[in-house]
Amino acid sequence: MYNNYGASYQEQRLQQMMEQKQLKDFMRMYSNLVSRCFDDCVADFTSNTLNDKELTCVNRCTQKNMKLNERIGQRFAEENAKLMEDQAKMGR
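Residues numbered from 1 in each chain as written. Predicted model: local features only at pLDDT ≥ 70, side-chain atom pairs only at ≥ 80, totals over all residues. Heavy atoms only, no water.

- As annotated in an unreviewed UniProt entry, the protein is Mitochondrial import inner membrane translocase subunit from Coemansia spiralis.
- The UniProt entry for the protein carries the following text under Subunit (unreviewed entry): "Heterohexamer."
- UniProt's Subcellular location (unreviewed entry) comment on the protein is quoted here verbatim: "Mitochondrion inner membrane". (UniProt positions renumbered as here; feature names shortened; annotations may be inferred.)

### What to know about the overall build of the protein
Argument step 1. Across its full length, the protein carries 2 helices and 0 strands.
Argument step 2. Taken over C-alpha atoms, the radius of gyration comes to 21 Å for the protein, far larger than the 12 Å a tight globule of 92 residues would show.
Argument step 3. Projecting the C-alpha coordinates of the protein onto the three principal axes gives extents of approximately 65 × 30 × 15 Å.
Argument step 4. Across the 92 residues of the protein, 9% fall into the buried class.
Argument step 5. Total accessible area computed for the protein in this model is approximately 8,500 Å², and 56% of it derives from carbon and sulfur atoms.
Argument step 6. Averaging the positions of the 14 positive and the 13 negative side-chain charges in the protein gives two centres separated by 5 Å. (Helix = DSSP H or I, 4+ residues; strand = E, 2+ residues; numbered from the N terminus. Rg over C-alpha atoms; globule rule 2.2 N^0.38 Å. Buried < 20%, exposed > 50% of the residue type's maximum accessible area, 1.4 Å probe, protein only. Areas by Shrake-Rupley, 256 points an atom, 1.4 Å probe, with all protein chains shown as cover. Lys, Arg positive; Asp, Glu negative; His and termini not counted. Charge placed at Lys NZ, Arg CZ, Asp CG, Glu CD.)

### Details of the side chain of Asn 65
Argument step 1. Mapped onto the elements of the fold, Asn 65 is located in helix H2 (residues 52–91).
Argument step 2. For Asn 65, the side chain forms a polar contact with the side chain of Arg 36, separated by 2.8 Å.
Argument step 3. If we ignore the near neighbours within four places in the chain, the residues touching Asn 65 are Leu 33, Arg 36 and Cys 37. (Polar contact = N/O pair within 3.5 Å; in protein donor to acceptor, adjacent residues only side chain to side chain. Contact = heavy atoms within 4.5 Å.)

### Thoughts on the state of the cysteines
Cysteine pairs can be linked by a disulfide, which is a covalent bond between their two sulfur atoms.
Argument step 1. Counted according to the given criterion, the structure contains 2 disulfides.
Argument step 2. Residue pairing for Cys 37: its cysteine sulfur links by disulfide to Cys 61, the two sulfurs lying 2.0 Å apart. Note on the Cys 37 and Cys 61 pair: the S-S dihedral is about -90°, so by sign convention the disulfide is left-handed. Of this pair, Cys 37 sits in helix H1 (residues 4–41) while Cys 61 sits in helix H2, placing them 24 residues apart in sequence. The burial state of Cys 37 is the same as that of Cys 61; both residues are buried.
Argument step 3. Two residues share a disulfide in this structure: Cys 41 and Cys 57, whose sulfurs sit 2.1 Å from each other. Residues Cys 41 and Cys 57 are joined through a disulfide that is left-handed, its torsion about the S-S bond being -65°. Residue Cys 41 is found in helix H1, and its partner Cys 57 is found in helix H2; the two are separated by 16 residues along the sequence.
Argument step 4. Its relative accessible area of 7% is what places Cys 41 among the buried residues.
Argument step 5. Numbered in order of appearance, the disulfide-bonded cysteines of the protein are paired 1-4, 2-3. (Disulfide = S-S within 2.5 Å.)

Okay, structure coming up:
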């Protein structure tokens with residue numbers, strides 16, 4: 001039904017939409033990380049710099065959340081691979 005040009009355009013459009021969604025998801029994750037760590041760690045607004053306690057807290061919070069997001073991504077990839085394998089077996 002589609003000629004090669006139409007299919008190629010559809011694929012490009014789908015790829016563009018996926019990239020936009022990935023960027024939006026990343027920006028949401030980053031914004032949530034900044035908000036969460038700021039709210040949890042910063043309490044002294046009398047200085048324009050973080051004190052040692054706040055800096056340590058922000059660093060730990062950031063590392064913890066980045067590791068969490070990395071692990072979630074790994075689990076998603078594992079489950080996706082398993083799903084694809086199961087679908088391939090069903091298709092045989």
